[in-house]
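Here is how the chains run, residue by residue.
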Amino acid sequence: MTESSKIALPPYETVALVLQGGGALGSYQAGVYQGLHEAGIEPNWFAGISIGALNAAILAGNPLERRLERLAEFWETICQSALLPTLPFDADLSAILGDGEVRGWAGALASLRALIEGQRGFFTPRFPPPYLAPTPAGATSYYDTTPLKATLERLVDFDLLNSRHVRVSVGAVNVTNGNFTYFDNANRTLAPEHFMASGSLPPGFPAIEIEGCFYWDGGLVSNTPLMEVLARPPRRDTLAFQVDLWSARGPLPRNLFDVAERQKDIQYSSRTRLVTDVANEMQKLRHALRQALDLLPAEAQESPEAAALRELACTKVYNTIQLVYRDKQFETHSKDYEFSLTTMREHWQAGLHDIRETLKHPDWLERPKGGSGVVTHDVHRLQDQFGTAPGGADATRP
């Protein structure tokens, strides 16, 4: 592993790693964390949805020196068949098939195997199938996620996670009332079920019961917890690394397979830039309110009304570093359940490469000055502007 130079961050109160949902694409987030770790940047808040919640559990539930090891163990485990042994060539399909159309068919086969065989330590097909299941628990999902609980219990120290040495927030949606909620170790003790609930996407996975209520994947409502980090009071000077697994931008579909892929991209991208735009406008208002309050006569500033307004005003700063996974040419609409070892490692490499490229711009990490106090940076936007290609072969595998 190539060590990056350590980076001394400006004084932020919160350094957050914000992790979108996206199934098998989630190893991209592991690569991003590896690059941050190499640079000596350790978040004090992990916020995740779905697979992002599972990555967050492993990061928050392990000491610094074991996080990468545990992440790699998690991904090496769940990227193997739950029923059949791993074939020798599964680990290096890219060397055998390249990145062309044949590789695309190999990826489709790996996705089909995930549907039929399940993934080790993650989910297994139900038998009997849900249409024949005698109980509601088995009749409402195609897969049993009991193996995931055992995996989390093995790889995550929940005593450490709940010690609040770092903050953890994971989103899920209540099945019966549709309300979205964040399970947060700042106000409750988190268990494997909270993270499983965040990733229980129906109809594949069953709803998870927590304190008498049942929850599904938070991505059904919002697939990124960025607003939770930016808006949750009390407001704090924040540097957020937002790691997206779906791109809101993409080409016009040419066939029904393209339509299925583009539909997922749009549905789960969750408009990260809309969130940052809203945060920018809100912070402009808060800055203006603060300035207006300072212009009031001394006696007016002591009024209850002014005190209430002062609670809404602030001069905090928010810096969002966005990293967006970009599809490979051979990837299809099944990319989020294509769990081959080769593709997982490529995703990991892509995340590591992108964060290393991002950290080559240390000025992006500076506290915003002037204006609203809200800025965003995206290395891919810079690459598009100057015509350079994303990705690279210099990244280290997990």
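Residues numbered from 1 in each chain as written. Predicted model: local features only at pLDDT ≥ 70, side-chain atom pairs only at ≥ 80, totals over all residues. Heavy atoms only, no water.

An unreviewed UniProt entry annotates the protein chain as NTE family protein of Dongia mobilis.

A few points about the overall build of the protein chain
Basically, it comes down to this: Strands here mean DSSP runs of E at least two residues long; helices mean DSSP runs of H or I at least four residues long; both are numbered from the N terminus. Throughout, radius of gyration means the C-alpha value; the globule benchmark is 2.2 Å times the number of residues raised to the power 0.38. Each residue gets one of three labels from its accessible area relative to the maximum for its type: buried under 20%, exposed over 50%, partly exposed in between, using a 1.4 Å probe on protein chains only. The contact rule is simple, with two residues in contact once any of their heavy atoms fall within 4.5 Å. For accessible areas, the Shrake-Rupley method is used with a probe of radius 1.4 Å. Any residue's cover is judged against the shown protein chains and nothing else. The convention is simple: Lys and Arg are positive, Asp and Glu are negative, and His and the chain ends are not counted. Lysine's charge is taken at NZ, arginine's at CZ, aspartate's at CG and glutamate's at CD.
The helix and strand inventory of the protein chain stands at 16 helices and eleven strands. Its C-alpha atoms give the protein chain a radius of gyration of 22 Å, within 12% of the compact-globule value 21 Å for 398 residues. For the protein chain, the spread of C-alpha atoms along the principal axes amounts to about 75 × 50 × 45 Å. For the protein chain, the residues scored as buried account for 51% of the 398 residues in total. The long-range fraction of contacts in the protein chain, counting pairs at least 24 apart against all pairs at least 6 apart in sequence, stands at 76%. Accessible surface, the protein chain: about 18100 Å² in total, of which carbon and sulfur atoms supply 58%. Taken as two groups, the 37 positive and 47 negative side-chain charges of the protein chain have centres that lie 2 Å from each other.

Some points on a nonpolar patch on the surface
Short version of the rule: Only residues whose relative accessible area exceeds 30% and that form no salt bridge enter a patch; like-charged residues are grouped when within 9 Å of one another, and nonpolar side chains (Val, Leu, Ile, Met, Phe, Trp, Tyr) when within 5 Å. Should a side-chain nitrogen of Lys or Arg be within 4 Å of a carboxyl oxygen of Asp or Glu, the pair is scored as a salt bridge.
Nonpolar side chains collect at one region of the surface, where Met-227, Leu-274, Val-278, Met-282 and Leu-285 lie side by side and expose about 440 Å² of accessible area between them. At four residues, the largest contribution of residues to the nonpolar patch is made by helix H12 (residues 272-294). For Leu-274, the position within the fold is in helix H12.

Looking at the UniProt feature "short sequence motif: GXGXXG" (unreviewed entry) in the protein chain
The criterion, for reference: UniProt positions are given in the numbering used here, feature names are shortened, and annotations may be inferred rather than shown by experiment.
When the UniProt feature table is mapped to this numbering, "short sequence motif: GXGXXG" (unreviewed entry) covers residues 21-26. Helix makes up 0% of residues 21-26 and strand 0%, with an end-to-end C-alpha separation of 7 Å.

Things to note about the confidence of the model for the protein chain
Regions with low pLDDT carry predicted coordinates that are not meant to be interpreted in detail. Applicable threshold: Scored between 0 and 100, pLDDT is the confidence that the predictor attaches to each residue.
On average, residues of the protein chain score 88 in pLDDT, and 91% of them are at 70 or above. The model gives residues 388-398 a pLDDT under 50, and that stretch makes 31 contacts with residues more than four places away or in other chains.

Structural notes on the layout of surface pockets
This is how the line gets drawn: A 1.4 Å probe that fits into a set of points on a 1 Å grid over the protein atoms alone but cannot get out defines a cavity; an open set with protein on both sides within 12 Å along at least five of seven lines defines a pocket, and lining residues are those with an atom within 4 Å of a point. Grid points are joined across faces, edges and corners, and a volume is the space filled by probe spheres set on the points. Basically, the charged four are Asp, Glu, Lys and Arg, the nonpolar ten are Ala, Val, Leu, Ile, Met, Phe, Trp, Tyr, Cys and Pro, and anything else, Gly included, counts as polar.
Each pocket or cavity is described by its volume, and for the largest pocket that value is around 1200 Å³. In terms of lining residues, the largest pocket is bounded by 44 residues, among which Pro-251, Glu-261, Asp-327, Lys-328 and Glu-331 are the most central. The biggest single contributor to the lining of the largest pocket is helix H11 (residues 256-269), with six residues. In terms of residue class, the lining of the largest pocket is built from 13 nonpolar, twelve polar and 19 charged. Taken together, 32 residues make up the lining of the second largest pocket; nearest its centre are Gly-23, Leu-201, Phe-205, Asp-336 and Tyr-337. Elements supplying a minimum of two residues to the lining of the second largest pocket: helix H2 (51-60), helix H5 (101-117), helix H9 (192-198) and H11. Split by residue class, the lining of the second largest pocket holds 19 nonpolar, ten polar and three charged.

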